[in-house]
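Survey of secondary and tertiary structure
The chain contents come next:
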Amino acid sequence: MALDVTLKVGQEQKELPLGIRNNNPGNLRPYEGELYAGSSDIKNNFIVFDTAENGLRGLARDIQTKVNRKLNTIDSLTKVYAPEGENPTESYINTVVSNMNSLGYDINKNTDITDLIKNDNFLKDYMKSKMKMELGAEYENYYSDEKILESIRDSKVDKKGPTKKELELKLRQ
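Among the nonpolar cores identified, the biggest contains 38 residues, and Ile63, Ile74, Tyr126, Met127, Met131 and Tyr143 are the most heavily contacted of them. At the level of secondary structure, the elements contributing two or more residues to this core comprise strand E2 (46-49), helix H2 (52-68), helix H3 (74-81), helix H4 (89-102), helix H5 (120-135) and helix H6 (145-155). Residues within four places of Met127 in sequence aside, it is in contact with Leu56, Leu59, Ala60, Ile63, Ile148 and Ile152.

Structure representation (structure tokens):
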């Protein structure tokens, strides 16, 4: 299930956004406890995944977990993903809501998305809207819808990942 990444002529790997270089399109940060399957490194306080698929899978699981823990609006989710002081949080929220509404959803920043997130297509569209903010608009379609949907389906299967402590110990060896 490897992702075929083809660079444009003259484009170098370092020009790609950090989230793509780290196979972490959601720019997920490490936390105490078990990390996501495929977590292989930590660089600049971001998880590095072994494959893009595992990074997409991790993002899907992270969103689902946060929504199930009552961070169930675009507003509350975004304030965790893009905290004030590090990001233009209100602009991020408004852009995600606008993107989702342009795709046919009738939501606002305070809509409870607990039930919506159970729909794979809604989750895919939310992930793409979030990645558009994290990676830049020119990378909005970097990952195919099919690849994202595969990763969402895979996110519903329990797979063990290393704990942050286990990964840090492994990296020191």
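This is not the end of the story, as more comes after the structure.
Take the pairing of strand E1 (residues 39-43) next. Every other side chain in a regular strand lies on the same face of the sheet, so the side chains alternate between the two faces. Here E1 pairs with E2 via four bridges, running antiparallel. Pairing of Lys43 across the sheet is with Phe46, part of E2. Hairpin connection, E1 to E2: the antiparallel pair is bridged by two residues, and Asn44 has positive phi, about 50°.

Burial of H3 is extensive: six of the eight residues sit out of reach of the surface. Within the sequence span of H3, burial applies to Ile74, Asp75, Ser76, Leu77, Thr78 and Tyr81. On its buried face, H3 sits against H2, H4 and H5.

The subject of this paragraph is the packing of H4 against H5. Helix-helix packing: each pair is described by the crossing angle between the helix axes and the interaxial distance. For the pair H4 and H5, the least separation of the axes is 9 Å and the interaxial angle reads 140°. For the element pair H4 / H5, the angle class is oblique. Where H4 crosses over H5, the two elements pack in a sense that is right-handed. Across the interface between the two elements, Tyr92, Thr95, Val96, Asn99 and Met100 from H4 touch Phe122, Asp125, Tyr126, Ser129, Lys130, Lys132, Met133 and Glu134 from H5. For the contact of H4 with H5, the class distribution of residues is six nonpolar, three polar and four charged.

Each value, and the rule that gives it
Residues numbered from 1 in each chain as written. Predicted model: local features only at pLDDT ≥ 70, side-chain atom pairs only at ≥ 80, totals over all residues. Heavy atoms only, no water. Core = buried A, V, L, I, M, F, W, Y, C linked by side-chain atoms within 4.5 Å. Buried < 20%, exposed > 50% of the residue type's maximum accessible area, 1.4 Å probe, protein only. Helix = DSSP H or I, 4+ residues; strand = E, 2+ residues; numbered from the N terminus. Contact = heavy atoms within 4.5 Å. Pairing = 2+ DSSP bridges. Axes fitted to C-alpha atoms, helices over the stretch in contact; angles between N-to-C directions. Parallel < 35°, antiparallel > 145°, perpendicular 65-115°, else oblique. Left-handed = near helix turned anticlockwise from the far one by under 90°. Nonpolar A, V, L, I, M, F, W, Y, C, P; charged D, E, K, R; others polar.

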